[in-house]
Each structure stands twice: as C-alpha cells, then as structure tokens.
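Structural overview for review
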Amino acid sequence: MTSAPSLSRDDVLRARQISLLLDAPDVSTPHDVAAWLGALQAQDVASGAWSLGVRLPGTTAAVIDEAFERGEVLRTWPMRGTIHIVPPEDVRWMLELTGSRALASTARNRRERGLDDDAADRAVSTLTQVLQGGTRRTRADLLAALAEEGIPVDGQAGYHAILYAAHVGEICFGPLEGRQPTYVRLADWAPHQRLLDRDASLTELAWRYFRGHGPTTINDFAGWSGLTLTDSRAAVAANAGRLVPAVVGDSTVWMSAPVAARIADGLAPGPSHALPGFDEFMLGYKDRSIQAPAAHLDAIVPGGNGVFRSTICLDGRAVATWTRTVRRARIDVTILPFAPLDGAQHAAAVDALQRYGDFLGLPIALA
C-alpha cells in the first residue's frame, strides 16, 4: 500500500484556494458555488452575498440578488443551528442528516421558552398556513400570526418557533423585502428535492465538504457539519478513491483526487482576496491555524466571541482585517494589517478591495 504523501503548510494553503473556488474558479452561477461547497455560512446577508460574489469574478451584487429572487440559492439552517446558503434541491436531505442534530440540541431552549412539543407543532401548522401558496412574510408577520394563535413569542420564543419550523423542513428564508428577510414555505420555494437515504447523505456531504475545503481533516469536517466523529470517519471511508489522504505534520488530511494531482504538479501562488468575515475560508475549518497564527486569529475573532472580521488574504494566508462603510457614492475602507505590508502586498490588497467595490458598483476610498 502506498503511503500518503507529505504536504507543507504552503501546499495546503494554495490547494485550499483551488478547493474553495478562490483561484481560477470553474463556476458560472451562484448555484454552482453553493453546490460545489455544499453550504456557505451566511448569518449576515451582505457577507453571504459577497461570499458568492468573490467566487464569481466580474459578477455584481444585483446578480446575486436575482439568484435569491429566482430561488437558485436559498438561506436556511441546515447544520449546527447556523444559517447557510445552500442549493435549494439539497435542503431536505441535509436537514434530515444534520438539521436533526441541531433540532435535538435546541429542544431544551424551546421548552424553557414555553414551546413544548404541542406548542412547537402548532407553530409549524400556523406558519405553513400563513405562508401557503408561495406567500412571503417578514419575521414580524410570522410573530404576529403565532401570537394570535396563543403561541409564545416573547423573548426568544418566537425565534425558536421559526427555527423549529425550518429544522423540520417546512419553512426557509425567502428573498429580502427591502432590507428585511422574508420567509417562505420550502415546499413552494424549492419543490424539487433530492431524496437520499442516510448513508448516501453522509457520503455526499463529505464529498462536497472535502472537494470544497480540502486538504483538511476529519475533525474539521465534523466541526463544520455537526456530525459525530464516527459518522464523519464513515463518510470519508465511503468516498474511497474520490478522496485522497496526505500528511501535514502529525495530521492526516483529505482532499479530492483532482486537487491532489494539482499539488503533485506544483502550485503557484494564488491571487489576493478581500473576504467577508463569515466566509468558508475561516468558518469552514475547526482548526484555522494554517490560515492565520493564534495571535492573528485573536484579531480576526476578538475575544473568541464568534463574530469574525473581514480579512485580506494573500496567497491563502490572512494578513489583515478590513472594515468598510458603504456610502451613497463610495465605500470607505480601512485596512488593519497584522504586520506592515510592503508595497507589493499593499497593492495586492487594494486590488482585492477594488473587486469588492466593483461588486457593489462603487469606488473604494482608503482611510
């Protein structure tokens, strides 16, 4: 049996740029991006839109908005109780595989807020009736409908009722109405669902994760998906031949066979990127030490509070965070480097930021 090859950290960084569709991506639509990666974390709507846009060079925010409006991609809670952008046809099997674990983990919170099983089921019935026929409603509309039926909505009770209905596959996010998210019935918005049994779902989710994030570890997959390590190992084993192992330090990593072949041929430095905070570049991994050392991670996630700052990445490594204020005629941007950037690095960062400006159709003004 041939032993797994050893990779350097630079090999991993550059290969991940290919897998993450950040280096010469061979995709043309937002749906392509979501299907390739499996799911993109998207708690923040604007960050989620740019996570799609940065992987589709030359596209604009309007194109991404239209994709959501047409239902080519959608937002829901497929895993870990966290909002992701997913291909609409894959929502059902993802929820059955990973959403069920999140559902179980939130049961205590629901009950503490007055949502016992009967109240949760009545909430689902109420919400599906309100949203029937392809209707879109805002969160305020849904909370009012729940309250009218005597279902608790105070505090976080209303949120948990909506989350429960999404986790059981009845509702999901619809397009924005102005700046307000709307909700729709999944059966109306995404009627053509792929049906996979549990083994097939495990195999498919692992394939998409490692294809879209590798080289990386089984622990990273378990952290991203919310699956147990036992299920995660079985899912990787089920992809034997499609997923290829390698060794980085003391860890075994896995990647798609095409990416392994690209590494063997030698990888050139990748392009620069101005990434949103909630991007798979960081959030797609439990261990983020390859993308940035611990001292820099503290600057990216101050206090470890789960709120990730936007990053400037050069050749797959985070070198700075950036902030922006979108105004009517420009975008004010501040670059906060972890260490002084030389002239070439600064120019690459500015070029990456300008691509963000082009996405929004506004010039960049550096502070």
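Described in the following lines is the structure provided in the data block. Here the structure is a predicted model, which is why all the values come from computation and not from measurement.

Moving on: the packing of helix H5 (residues 91–105) against helix H9 (residues 157–167). Where H5 meets H9, the axes come as close as 9 Å, and the angle between the chain directions of the two elements is 155°. By the angle class used here, H5 and H9 are roughly antiparallel. Of the two elements, H5 crosses H9, and the hand of that crossing is left-handed. Mapping the contact onto sequence places Leu-95, Gly-99, Ala-102 and Leu-103 in H5 and Tyr-164, Ala-166 and His-167 in H9. Per-class residue counts for the contact of H5 with H9 are five nonpolar, two polar and no charged.

Moving on, we get to helix H14 (residues 257–265). Within the sequence span of H14, burial applies to Val-259, Ala-260 and Ile-263. For H14, the angular spread of the buried residues around the axis is 105°, confining them to a single face. Away from its buried face by more than 90 degrees, H14 exposes Pro-258, Ala-264 and Asp-265. As for H14, its buried residues are in contact with helix H1 (9–19), strand S7 (243–248) and strand S8 (251–256). In the segment just after H14, Gly-266 is the residue with positive phi, at about 100°.

The subject of this paragraph is the pairing of strand S10 (residues 310–314). Burial of S10 is extensive: five of the five residues sit out of reach of the surface. Neither face of S10 is left uncovered, since the one carrying Ser-310, Ile-312 and Leu-314 and the one carrying Thr-311 and Cys-313 both have all their residues buried. Of the pairings in the sheet, the one linking S10 to strand S11 (residues 317–326) comprises five bridges and is antiparallel in character. Note on S11: the bridge partner recorded for Cys-313 is Ala-318. Hairpin connection, S10 to S11: the antiparallel pair is bridged by two residues, and Asp-315 has positive phi, about 55°.

Under the criterion given, the structure shown has 17 salt bridges. Linking Asp-90 and Arg-208 is a salt bridge whose minimum nitrogen-to-oxygen distance equals 2.7 Å. Taken together, the residues span a long stretch of sequence, with Asp-90 in the loop between strand S3 (82–86) and H5 and Arg-208 in helix H11 (residues 198–213) at a distance of 118 residues. Since its relative accessible area comes to 5%, Arg-208 is described here as buried. In this structure, the salt-bridge partner of Asp-188 is Arg-185, at a minimum N-O distance of 2.9 Å. You can call Asp-188 partly exposed: its relative accessible area is 29%. It is possible to trace a salt-bridge network through shared partners that takes in Asp-90, Arg-194, Glu-204 and Arg-208.

Below, the discussion takes up the layout of surface pockets. Of the pockets and cavities examined, the largest pocket occupies roughly 440 Å³. As for the largest pocket, its lining consists of 14 residues, of which Ala-46, Ala-61, Asp-65, Leu-176 and Leu-360 are closest to the centre. When residues of the lining of the largest pocket are traced back to their parent elements, those giving at least two are helix H3 (45–53), helix H4 (61–69), S11 and helix H17 (343–360). Per-class residue counts for the lining of the largest pocket are ten nonpolar, one polar and three charged.

All right, on to the sheet that holds strand S9 (residues 272–275) then. The strands that make up a sheet are held in pairs by hydrogen bonds between backbone atoms, and each pair lies either parallel or antiparallel. Strand order in the open sheet made by the five strands is S9-S10-S11-S12-S13, with mixed pairing throughout. Two strands bound the open sheet, and with one partner strand each, they are S9 and strand S13 (364–366). Geometrically, the sheet is characterised by an average inter-axis angle of 30° between neighbouring strands, direction not taken into account. Of the pairings in the sheet, the one linking strand S12 (residues 331–337) to S13 comprises three bridges and is parallel in character. Bridge pairing links Asp-332 to Ala-365 in S13.

What follows concerns the packing of helix H7 (residues 117–130) against helix H8 (residues 139–148). With their axes 10 Å apart at the nearest point, H7 and H8 run at an angle of 125° to one another. Here H7 lies oblique to H8, going by the angle between them. Crossing hand, H7 versus H8: right-handed. Residues Ala-123, Thr-126, Leu-127 and Val-130 of H7 touch H8, and the partners they reach there are Leu-142, Ala-145 and Leu-146. Class assignment for the residues of the contact of H7 with H8 results in six nonpolar, one polar and no charged.

Turning to the side chain of Thr-76, a few remarks are in order. As for its position among the elements, Thr-76 is in strand S2 (residues 74–79). Taking the relative accessible area as the measure of exposure, Thr-76 reaches 1% and is therefore buried. Contact partners of Thr-76, with chain neighbours within four places excluded, come to Thr-82, Ile-83, His-84, Val-86, Val-91, Ala-166, Ile-171, Cys-172 and Phe-173.

Ranked by internal contacts, the top residues of the largest apolar core, which has 77 residues, are Phe-210, Phe-221, Met-282 and Ile-312. For this core, the leading source of residues is H11, giving six residues. Among residues more than four places away in sequence, those in contact with Phe-221 are Leu-205, Ala-206, Tyr-209, Phe-210, Leu-227, Ser-232 and Ala-235. Membership of the second largest hydrophobic core comes to 22 residues, among which are Leu-163, Ala-165, Ala-166 and Tyr-183.

Cut-off values and rules
Residues numbered from 1 in each chain as written. Predicted model: local features only at pLDDT ≥ 70, side-chain atom pairs only at ≥ 80, totals over all residues. Heavy atoms only, no water. Axes fitted to C-alpha atoms, helices over the stretch in contact; angles between N-to-C directions. Helix = DSSP H or I, 4+ residues; strand = E, 2+ residues; numbered from the N terminus. Parallel < 35°, antiparallel > 145°, perpendicular 65-115°, else oblique. Left-handed = near helix turned anticlockwise from the far one by under 90°. Contact = heavy atoms within 4.5 Å. Nonpolar A, V, L, I, M, F, W, Y, C, P; charged D, E, K, R; others polar. Buried < 20%, exposed > 50% of the residue type's maximum accessible area, 1.4 Å probe, protein only. Arc of directions from axis to C-beta. Pairing = 2+ DSSP bridges. Salt bridge = Lys/Arg side-chain N within 4 Å of Asp/Glu carboxyl O. 1 Å grid on protein atoms, 1.4 Å probe; cavity = no way out; pocket = protein on both sides within 12 Å on 5 of 7 lines; lining within 4 Å. Points joined across faces, edges and corners; volume = space filled by probe spheres on them. Core = buried A, V, L, I, M, F, W, Y, C linked by side-chain atoms within 4.5 Å.

Honestly, that's just the spatial picture; any functional story needs more than this.
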